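One-letter residues, chain by chain:
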Amino acid sequence: SVVNLTPTNPFITSLINNNVQVEVSNSGTAPLSNVEIVLQNTETASSTTTIAKNIENVIFDENHWDVGTIKANSSKKFSFNIYVPENLKNEPLHAKMEVTYFDGHGEKNVVTRNADFYINGLIKPYIYGVKVIELSGKKTIVGEILNEGNTDGLFGFVKLQPRGDSNIKESSQYIDEIEPDSPVPFNVPIESNGLLSFGEHDVRIIVSYKDAVRDEHTVTYDTTITIVPFEDNTA
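Here the structure is a predicted model, which is why all the values come from computation and not from measurement. (Residues numbered from 1 in each chain as written. Predicted model: local features only at pLDDT ≥ 70, side-chain atom pairs only at ≥ 80, totals over all residues. Heavy atoms only, no water.)

**Side note on the sheet that holds strand 11 (residues 138–147)**
Then comes step 1: A sheet is described by the order of its strands in space; here three strands give the open sequence 10-11-14, paired in antiparallel fashion. Because the sheet does not close on itself, it has two edges, and the strands there are strand 10 (125–135) and strand 14 (184–189). Taken over all neighbouring pairs, the strand axes of this sheet differ in orientation by 25 degrees on average, direction set aside.
Then comes step 2: Sheet topology places strand 10 next to strand 11; nine bridges connect them, and they run antiparallel. From the neighbouring strand, Glu134 faces strand 11, where its bridge partner is Lys139. (Pairing = 2+ DSSP bridges. Helix = DSSP H or I, 4+ residues; strand = E, 2+ residues; numbered from the N terminus. Axes fitted to C-alpha atoms, helices over the stretch in contact; angles between N-to-C directions.)

This is the structure we're talking about:
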């Protein structure tokens, strides 16, 4: 095999527009000229040629690329955008492409290659409803996380950090999975260095989680909370 196609980053994400780059390599000893690549994005009835069914539901902004000449033992890159719909996640995508070129003898060659990708689901959490309440006799920061994506965020943690001159201690809570379209509540008891100061405190809420391939991600939310004296419930 003289010609091969390799994505520079094989991971794409559903529900967003992915800009991808594919490297076309020439491992031969002579240059390849007039290299042309065409996406084969329709099913074929031929029993000797197959294509992944999921590609029919994926949107490519281009389907034809003129690469030009590729010198011996070198490569060139071409780029395009892929939009993956909501129902496709955590599965491979085989983009079948027909490569046409003229070899060192001037002969025309047509080969078929796959540019192989993996579709990650989208995890898109945001933090809202942050406030301070009294819970079990302690000042506690509560709030909710909503995942607007289409797949779970795994091994979720909520971390509370002080900002500015706040004397609140850093602390965290494990929240496990962050499922789509289902608010995840959190409550982090407030600890302090010395007596907890009344009044306003600038704080940062950090939500960390992992995706299906165990890469870690974070989202942050900066806000100002107000600490007031405990209510007198003896009356």
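Once you've had a look at it, read on.
**Brief notes about the pairing of strand 9 (residues 108–120)**
In the case of a regular strand, side chains alternate between the two sheet surfaces.
Then comes step 1: Here three bridges tie strand 2 (residues 11–13) to strand 9, and the two strands are oriented parallel to one another. Paired with Ile12 across the strands is Ile119, a residue of strand 9.
Then comes step 2: One ladder, built from twelve bridges, connects strand 8 (residues 91–102) with strand 9; its direction is antiparallel. Residue pairing for strand 9: Ala95 is matched across the bridge by Ala115.
Then comes step 3: The turn linking strand 8 back onto strand 9 is made up of five residues, and Gly106 within it adopts a positive phi angle of 80 degrees.

**Observations regarding the confidence of the model for the protein chain**
Then comes step 1: Across the protein chain, pLDDT averages 90, with 92% of residues at or above 70.
Then comes step 2: Across residues 43–51, confidence stays below pLDDT 50; counting only partners more than four residues off in sequence or on other chains, it has ten contacts. (pLDDT = per-residue confidence, 0-100. Contact = heavy atoms within 4.5 Å.)

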